[in-house]
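If you want the building blocks of each chain, they are given just below.
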Amino acid sequence: ASFQSELAALKSKWSAAETNMADVKCRADENLRTVGILENENSALLQKLNDSIGALAKLQTIAERCDELEHENVTFKKRNDDLMAEQIEMSREVDDAQGLASNAQRLHNMMTENERYISKLQDDLSSTRASNLEALQKTRSKYSDEINALTNKLQSQKECMRGLEKRNNELEEKLRSEERAYS
């Protein structure tokens, strides 16, 4: 009779252990589905981050182009200074040459045309530089905000994954200890 009561008690414990194991397995399956969903979200976030990095590279190219334009601007200013020096030299030569009155007018017209052309180049360069700088600043601002948001979301997802992993490990340890207890 005591053997049968022990056997009945063991069967009852075994039944409870099977129920607990089924519950733990169900939770583990749920955790695995959640992990799969989180992995998909992390993959999407990683793709967005990579896209943002690509956009940042484009911004770098724009910044480099702005630097090139600044260098061209310096070159144009130097050329302008050189042309101004030539103009002054030519003016001296024209003033010194009494018999070249007709040439002086032609040279003056050429210098005037050169000055207009240089002025136009400087205006074009200034407006292009300003618009490129504004576009660069807008794009940098946009992608900096987006990258910060994505980084924060990714960090949050990692923390959530760590919590789920910890909970899963605790459940596995609890299951192992219950299995050992029933063994």
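Scroll up to find the structure.
What counts, and where the lines are drawn
Residues numbered from 1 in each chain as written. Predicted model: local features only at pLDDT ≥ 70, side-chain atom pairs only at ≥ 80, totals over all residues. Heavy atoms only, no water. Helix = DSSP H or I, 4+ residues; strand = E, 2+ residues; numbered from the N terminus. Polar contact = N/O pair within 3.5 Å; in protein donor to acceptor, adjacent residues only side chain to side chain. Contact = heavy atoms within 4.5 Å. Salt bridge = Lys/Arg side-chain N within 4 Å of Asp/Glu carboxyl O. Buried < 20%, exposed > 50% of the residue type's maximum accessible area, 1.4 Å probe, protein only.

## Observations regarding the environment of Glu39
Okay, so step 1: Locating Glu39 in the fold gives a position in helix α1 (residues 2–96).
Okay, so step 2: Remark: the alpha-carbon pair of Glu39 and Asn109, spanning 70 residues in sequence, is separated by 73 Å.

## A look at the side chain of Gln157
Okay, so step 1: Locating Gln157 in the fold gives a position in helix α2 (residues 101–182).
Okay, so step 2: Polar contacts involving the side chain of Gln157 include one to the side chain of Glu41, which spans 3.3 Å.
Okay, so step 3: Those residues in contact with Gln157, other than ones at most four positions away along the chain, are Leu38, Glu41, Asn42 and Leu45.

## Some words on the pattern of salt bridges
Okay, so step 1: One pass over the structure, following the stated rule, counts 14 salt bridges.
Okay, so step 2: Lys25 is the partner of Asp29 in a salt bridge, and the nearest nitrogen-oxygen pair spans 3.9 Å. Taken as a pair, Asp29 and Lys25 lie in helix α1 at a separation of four residues, close to a single helical turn.
Okay, so step 3: Taking relative accessible area as the criterion, Asp29 reaches 30% and is therefore assigned partly exposed.

## Remarks on the environment of Val24
Okay, so step 1: Position of Val24 among the secondary structure elements: in helix α1.
Okay, so step 2: Given a relative accessible area of 16%, Val24 falls into the buried group.
Okay, so step 3: Separated by 147 residues in sequence, Val24 and Leu171 have C-alpha atoms that sit 7.0 Å apart.
Okay, so step 4: Once you skip the residues sitting within four places of it in the chain, Val24 turns out to touch Leu171 and Leu175.

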